[in-house]
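Okay, here's what each chain looks like letter by letter:
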Amino acid sequence: MDWRLITDDAVRAPFGLAADETLARRVGMKISQPTLRLYTYRSHCALVGRFQNVENEVRLEYCFQNGITINRRPTGGGAIIMGADQLGVALTIPGRKEDDYGHARELMGSFSQGLVDGLQRLGVPASFRRKNDIEVNGKKLVGLGMYRAPSGGMLVHASLLVDLDIALMVEVINTPFEKISDKEIDTVAGRITTVRRELENQITLDKVRRVIADGFVSAFDVNLMHSDFTNEECEQITELENEKYLTDDWVYQTTAVP
């Protein structure tokens, strides 16, 4: 089976999210090929999960003062920061009738296999844990989220920490800490790890990306064909950006989740 591989860097948050949702819609309609997208966001943006309230998860004043874009994913999961050192992974494939949210853990485990395979090739002893995390020795390295488009297309998001400015993260993401100090930063560092920390070297993001792509080839027995967005996809991405991801109604909507 052939999948497309799209790689792009320093994308704007509204574009990156609109592109992933557009591909999920089109793959479900069978007018776009199954696609693996490995990309980075422009440093830095804060992305909340589909069912989160921005005000609860992000330090708005800090983001506004420091030019950090805020947006909302179509997938679930927690708030994250993304930039040049965090690899965004988006897999869009046709869904099956049995692929509903009741089977989320099973689906996450299946889709995480490409990431786990690639990380293990690098020498990082990663494994899928809990509902939507990939961990190394109990520390979180990858967070995953899932979305099913009305067309039936499946989107699985992952954020892979090649590196992370933890001091910045605790300034951007709401934490229980009233005052940010070295102790609080050490506390967060004890729960999160990165590829560079595990390997103890400055491996490039491009090398990580290549190995992750190989991991998906192995895990799913597919051929990856380097490609780009079609003109029609670009038009639909722009349309969805303007209708959804560039609007406050989407980004700052509130949910019943406390």
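From a predicted model like this one, the values you see are computed outputs, not experimental measurements. Residue numbers restart at each chain and count upward from 1, following the sequence in its written direction. Totals for whole chains, interfaces and linings use all residues, but because this is a predicted model, local features are given only for residues with pLDDT of at least 70 and pairs of side-chain atoms are given and counted only at 80 or more. With hydrogens and water excluded, all non-hydrogen atoms of the structure serve as input to the side-chain values.

Asks: Explain the packing of helix α1 (residues 13-28) against helix α9 (residues 231-245) to me, please; I cannot follow it from the model alone.
Replies: For any two helices packed against each other, the geometry is given by the interaxial angle and the distance between the axes. The N-to-C vectors of α1 and α9 enclose an angle of 120 degrees; their axes lie 8 Å apart at closest approach. As the angle between them shows, α1 and α9 are arranged oblique. Like other packed secondary-structure pairs, α1 and α9 cross with a definite hand, here right-handed. Every residue of α9 that contacts α1 at P14, F15, L17, A18, A19, E21, T22, L23, R25 and R26 is listed here: E232, E233, Q236, I237, L240, E241, K244 and Y245. Charged means Asp, Glu, Lys or Arg here, nonpolar means Ala, Val, Leu, Ile, Met, Phe, Trp, Tyr, Cys or Pro, and polar covers whatever is left, Gly included. Each residue belonging to the contact of α1 with α9 can be placed in one class, and the counts come to nine nonpolar, two polar and seven charged. Simply put, an axis is a line fit to the C-alpha atoms, just over the touching stretch for a helix, and the angle between two N-to-C directions goes from 0 to 180 degrees. Where helices and strands are cited, they refer to DSSP runs of H or I of at least four residues and of E of at least two residues respectively, numbered from the N terminus. By definition in this entry, angles of less than 35 degrees are roughly parallel, angles greater than 145 are roughly antiparallel, angles of 65 to 115 are roughly perpendicular, and the rest are oblique. We call a crossing left-handed when the near helix sits turned anticlockwise from the far one by less than a right angle, and right-handed when that turn is clockwise. Two residues form a contact once any of their heavy atoms are found within 4.5 Å.

Asks: How should the sheet that holds strand β6 (residues 86-94) be read in this particular structure?
Replies: The pairing of strands in a sheet comes from backbone hydrogen bonds and takes either a parallel or an antiparallel form. Pairing between strands requires that DSSP locate at least two bridges from one strand to the other. Strand order in this open sheet of eight strands is β7-β8-β9-β10-β6-β2-β1-β11, and the pairing throughout is mixed. On the outer flanks of this sheet lie β7 (127-129) and β11 (223-226), each paired with one strand and no other. Direction aside, neighbouring strands of the sheet carry axes that sit 25 degrees apart on average. Two strands pair when backbone bridges link them, and strand β2 (residues 35-41) and β6 are joined in this way by five bridges, in the antiparallel orientation. Paired with R37 across the strands is A90, a residue of β6.

Asks: Looking at this model, I keep getting lost on the side chain of R209. Mind explaining?
Replies: Secondary-structure assignment places R209 in helix α8 (residues 205-220). Here the term buried applies to any residue with accessible area under 20% of the maximum for its type, exposed to any over 50%, and partly exposed to those in between, with areas from a 1.4 Å probe on protein chains only. Under the relative-accessibility criterion, R209 is labelled buried at 7%. At 3.0 Å, the side chain of R209 and the backbone oxygen of L38 are in polar contact. Not counting the four nearest positions on each side in its chain, R209 is found in contact with T7, D8, D9, L38, Y39 and L87. Any pair of N or O atoms that falls within 3.5 Å is considered a polar contact. Within protein, one atom must be able to donate a hydrogen and the other to accept it, and sequence-neighbouring residues count only if both atoms are side-chain atoms.

Asks: How should α8 be read in this particular structure?
Replies: A rise of 1.5 Å per residue sets the reference length of α8, with its 16 residues, at 22 Å; its end C-alpha atoms lie 22 Å apart and thus fit the reference within 8%. Buried residues of α8: L205, V208, R209, V211, I212, A213, G215 and F216, and no others. Of the residues trailing α8, D221 is marked for its positive phi of about 55 degrees. Take the number of residues in a helix, subtract one, and multiply by 1.5 Å to get its expected span.

Asks: Just to check I follow, could you spell out the pairing of strand β8 (residues 133-136) for this structure?
Replies: Here is the key point about a regular strand: its side chains alternate between the two faces of the sheet. The side-chain alternation of β8 yields two buried faces, one formed by D133 and E135 and the other by I134 and V136. Relative to β8, β7 runs antiparallel, the two being bridged by three bridges. Within the sheet, the bridge partner assigned to F128 lies in β8 and is I134. Bridge count for β8 against strand β9 (residues 139-148) is four bridges, and the pairing is antiparallel. If you follow V136 over to β9, its bridge partner there is K139. Linking β8 back to β9 in an antiparallel pair, the connection comprises two residues, with N137 at a positive phi of about 50 degrees.

Asks: What's the story with the pattern of salt bridges in this structure? I'm lost.
Replies: Pairing between side chains of opposite charge can happen when their charged atoms approach one another. A pair is scored as a salt bridge if a Lys or Arg side-chain nitrogen falls within 4 Å of a carboxyl oxygen belonging to Asp or Glu. Tallied over the full model, the rule gives 14 salt bridges. Across the salt bridge formed by D9 and R209, the nearest N and O atoms sit 3.0 Å from each other. Separated by 200 residues along the polypeptide, D9 in strand β1 (residues 2-11) and R209 in helix α8 bring together distant segments of the chain. A salt bridge links D163 to R196; the nearest nitrogen and oxygen atoms lie 3.3 Å apart. Of this pair, D163 sits in the loop between β10 (153-161) and α5 (166-172) while R196 sits in helix α7 (residues 195-199), placing them 33 residues apart in sequence. Here R196 falls in the buried class, since its relative accessible area comes to 13%.

Asks: Mind showing me how you'd approach unusual backbone geometry here?
Replies: For residues that are not glycine, phi is negative in most cases, and the peptide bond is trans in most cases. Residue H44 is reached from S43 by a cis peptide bond, and omega for that bond is -10 degrees. For H44, the location among the structural elements is in the loop between β2 and β3 (45-48). Positive phi, close to 55 degrees, is recorded for A10, a residue that is not glycine. Mapped onto the secondary structure, A10 falls in strand β1. By relative accessible area, which is 40% here, A10 ends up partly exposed.

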